[in-house]
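Single-letter residue listing:
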Amino acid sequence: MPSDNHFDRAPDGPFDDMPFEDTLAEAMQRTGGTFTLQDRTGLVNNALTRGRRRLARRRTAAVTGSVLALAAVGIGGGYGAGLLGDPAGKTEWGAGPAGAEKTERGAGPAEPGKAPGPAEPEKARRVSEPGATPSGPAVAGGGGIAAILTRLLPPGELTEIRERGIDELGGPGLTGVFDDGKGKAALSIALSRANGLNGTQDVTCPDKVFVPYDHCTSVKRPDGGRLMIFQGYEYPDRREETKNWRAVLLTSDGFLIDASEYNAPAQKGAEISRTDPPLNPAQLKALVTSDKWRGTLERLPPAPPADNNPEDGAGDVEAREILVTLLPRGLKVTGQGGEGPEFGYVVVDDGAGRTLVQINVQPGSSDLADELFTEATTLPDGTLLQTKKGPGDKGVPGGVMWTADTLRPDGLRVVISAFNGGDQHSPPTRATPALTMKQLTAIATSLKWRANY
């Protein structure tokens, strides 16, 4: 599936006004003062993993007339999102406005049980002022991430700086607005330890079926690390022309350096200020591969152990492979993707146009019966079945999505959706999906799912 890890962001839907990470961070702020730094890091990361999984299960059926939310979480979700949110205060990660939990630099963590007070953004100084870095933009303060970043950026001015330290929730990072004289541009950078497969996903180009982009490369470096350079857009449906360019380095010893920039002074809701973001791909590469980050990286706390919770899925089962075996005859598979037990997709063509078919398999979903299956039909074996025909993505005129959603008595949920196009963001290729609702229902209720999960 594409977590919008970024890419861990779901499409617009009824839950988007309160990101899961914000809700968690608010609770952690009230109770986390008694944990040590290492305890908090492990707790937050593991809770995020399990929480996103549970929230995504609810979003999948709650999104109506759009795309399956899990698709964005697994296949490139978040490729248009900076890890620290936008400098205007609309954060994707963390609690409230970026920097709202920031303690005074050098003062260490807040007292146990006491929430840190809000921090004002730092104000920039011009390059000509005393103390400015000749080879980079001017900035006040001079310590931590901001000081390193200003030495690596081209000449200009860095303003609206919000910085997080190693001892703060979310780890070290910075958001700001950079102006090289050609227009203000939001940017962010975050440093972290990779967490197994999640780190690899961060340096893998997204699937264009779900995340359209102009250019993306992912290459292995001579030292064993991997670097991804992504040039795309904030919104997959291009309802705003905000560009998002991103560079992510996964080092050979397991660190992630993630930088994002935009061609507007904010990630969302700001007018375009320039044609392209200020740093070209070569400059983005130089930024994240600089050895100046090494000192900060080596002070990061150890990564938490991998989450081996049974909810993670069904071992080596591939949802996509099972889906292919259940497709009706007469359909030619022209594309497929998605890895793992919980998500897969195929693009099929019956000779009259392409259709995108997505499958989500979610064990342990009994708690959703009363919430999402209130109008369902109960089948003879006790399975709840709910079907819907509605519009597709809101940014695609004429788009259609048909969905069959099932919940078995043992809590296994299987959701299948078909579109009247070969992807979620391009114009339709046909009036209705290539599969009928009866065929979708037959796939969702197949005994093959129960036999493998």
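In this convention, every chain numbers its residues from 1, walking through the sequence in written order. Totals for whole chains, interfaces and linings use all residues, but because this is a predicted model, local features are given only for residues with pLDDT of at least 70 and pairs of side-chain atoms are given and counted only at 80 or more. Excluded from the side-chain calculations are hydrogens and water; all other atoms, namely the structure's heavy atoms, are used.

K.L.:
Sorry, what's going on with the overall build of the chain here?
P.N.:
Helix numbers and strand numbers start at the N terminus; a helix is a DSSP run of H or I with at least 4 residues, a strand a run of E with at least 2. Helix and strand content of the chain: 11 helices and 14 strands. Accessible area is worked out with a 1.4 Å probe on protein chains only. A residue is then buried under 20% of its type maximum, exposed over 50%, and partly exposed in between. When each of the 453 residues of the chain is scored for burial, the buried share is 54%. Computed by Shrake-Rupley with a 1.4 Å probe, the accessible areas treat only the displayed protein chains as cover when residues are assessed. Approximately 19500 Å² of the chain is accessible, and the part contributed by carbon and sulfur atoms is 52%.

K.L.:
Got a minute to help me understand the packing of aromatic side chains in this structure?
P.N.:
One pair of aromatic rings is described through two measures. These are the centre distance and the angle between the planes. When two rings of Phe, Tyr or Trp (its six-membered ring) have centres within 6.5 Å they constitute a pair, described as stacked for plane angles under 30 degrees, edge-to-face for angles over 60, and tilted for the intermediate range. Considering all chains together, one arrives at 4 aromatic pairs under this definition. Between F210 and F343, the aromatic rings sit 5.8 Å apart at their centres with planes inclined by 65 degrees, giving edge-to-face as the arrangement. Taken together, the residues span a long stretch of sequence, with F210 in the loop between α5 (197-202) and β4 (213-220) and F343 in strand β9 (residues 343-349) at a distance of 133 residues. With respect to class, F210 is no different from F343; both count as buried. Ring geometry for F210 against Y345: centres 5.2 Å apart, planes inclined by 85 degrees, an arrangement best described as edge-to-face. Of this pair, F210 sits in the loop between α5 and β4 while Y345 sits in strand β9; the two residues are 135 residues apart in sequence, bridging distant segments of the chain. Accessibility assignment for this pair places F210 and Y345 in one class, buried. Of the aromatic side chains, those joined through ring pairs into one cluster are F210, F343 and Y345. Here, a charge over a ring is recorded when the distance from Lys NZ or Arg CZ to the ring centre is within 6 Å and its angle to the ring normal is within 35 degrees. Just above the ring of Y233 sits the side chain of R238; from NZ or CZ to the centre is 3.7 Å. A cation over an aromatic ring shows up here: K389 above the ring of W402, its NZ or CZ 4.2 Å from the ring centre.

K.L.:
Explain helix α10 (residues 437-444) here, please?
P.N.:
Working note: α-helix, 3.6 residues per turn, so residues spaced by three or four point in the same direction. Taken together, the buried positions of α10 are occupied by M437, L440, T441, I443 and A444. The buried residues of α10 occupy one face: seen down the axis, they fall within an arc of 160 degrees. As for α10, its buried residues are in contact with α8 (319-326), β12 (384-391), β13 (400-407), β14 (413-419) and α11 (447-452). Here the arc refers to the directions that run from the helix axis out to each C-beta atom. Whether two residues touch is decided by their heavy atoms; if any such pair falls within 4.5 Å, the residues are in contact.

K.L.:
I keep staring at helix α6 (residues 281-289) and nothing clicks. Help me out?
P.N.:
When α6 is considered as a whole, its buried residues turn out to be L284, L287 and V288. All buried residues of α6 fall inside an arc of 85 degrees around its axis, so they share one side. Polar contacts, as counted here, are pairs of nitrogen or oxygen atoms within 3.5 Å of one another; within protein the pair requires one atom able to donate a hydrogen and one able to accept it, and residues that are adjacent in sequence qualify only if both atoms are side-chain atoms. Here α6 starts with a cap whose side-chain oxygen sits 3.1 Å from the backbone nitrogen of A282, and that cap is N280.

K.L.:
Looking at this structure, how should I read the sheet that holds strand β10 (residues 354-362)?
P.N.:
Strand pairing in a sheet relies on backbone hydrogen bonds, with the paired strands running either antiparallel or parallel. Here, strands pair whenever DSSP counts at least two bridges between them. Taken together, 7 strands build an open sheet; the order of strands is β8-β9-β10-β14-β13-β12-β11 and the sheet is antiparallel. Each having just a single partner strand, β8 (332-337) and β11 (377-378) make up the two edges of the open sheet. In this sheet, β13 lies alongside β12 in antiparallel orientation, the contact comprising 8 bridges. Counted as the bridge partner of K388 is T403 from β13. To get an axis, a line is fitted to the C-alpha atoms, and for a helix only the part in contact is used. The angle between two axes follows their N-to-C directions and goes from 0 to 180 degrees. Packing against the sheet, α8 makes contact with β8, β9, β10 and β14, and its axis sits at approximately 35 degrees to β9. Its contacts with the sheet put α10 on β12, β13 and β14, and the angle it makes with β13 is roughly 35 degrees.

K.L.:
How should I be thinking about the pairing of β10 in this particular structure?
P.N.:
A regular strand carries its side chains on alternate faces of the sheet. Within β10, 8 of the 9 residues are buried, leaving the element largely enclosed by the surrounding structure. For β9 and β10, the ladder comprises 7 bridges, and the chain directions are antiparallel. Bridge pairing in β10 places V346 opposite V357. Between β9 and β10, which follow one another and run antiparallel, lie 4 residues, and G351 among them has a positive phi close to 100 degrees. Two elements, β10 and β14, share 6 bridges in a ladder whose sense is antiparallel.

K.L.:
Got a minute to help me understand the state of the cysteines in this structure?
P.N.:
Cysteine pairs can be linked by a disulfide, which is a covalent bond between their two sulfur atoms. Sulfur atoms of two cysteines make up a disulfide when they are within 2.5 Å. Evaluated as defined, the whole model comprises 1 disulfide. The disulfide that involves C205 links it to C216, with 2.1 Å between the sulfurs. Residues C205 and C216 share a disulfide whose torsion about the S-S bond is about -90 degrees; that sign makes it left-handed. With C205 in the loop between α5 and β4 and C216 in strand β4, this residue pair connects regions lying 11 residues apart in the sequence. C216 gets classed as buried once you look at its relative accessible area, which sits at 14%.

K.L.:
I keep staring at the nonpolar core and nothing clicks. Help me out?
P.N.:
The tendency in soluble globular proteins is for nonpolar side chains to be buried side by side. Core analysis: the biggest nonpolar cluster contains 28 residues, and L149, L174, I189, I257 and W293 have the highest contact counts within it. Elements with a minimum of two residues in this core: α4 (144-152), β1 (157-164), β2 (173-179), β3 (184-193), β5 (226-233), β6 (243-250), β7 (255-262) and α6. By residue number, the principal contributor to this core is α4, which donates 4 residues. For the purposes of this section, nonpolar cores are sets of buried Ala, Val, Leu, Ile, Met, Phe, Trp, Tyr and Cys residues that join through side-chain atoms within 4.5 Å. Counting residues in hydrophobic clusters, the runner-up holds 27 residues, among them L327, V346, V400 and W449.

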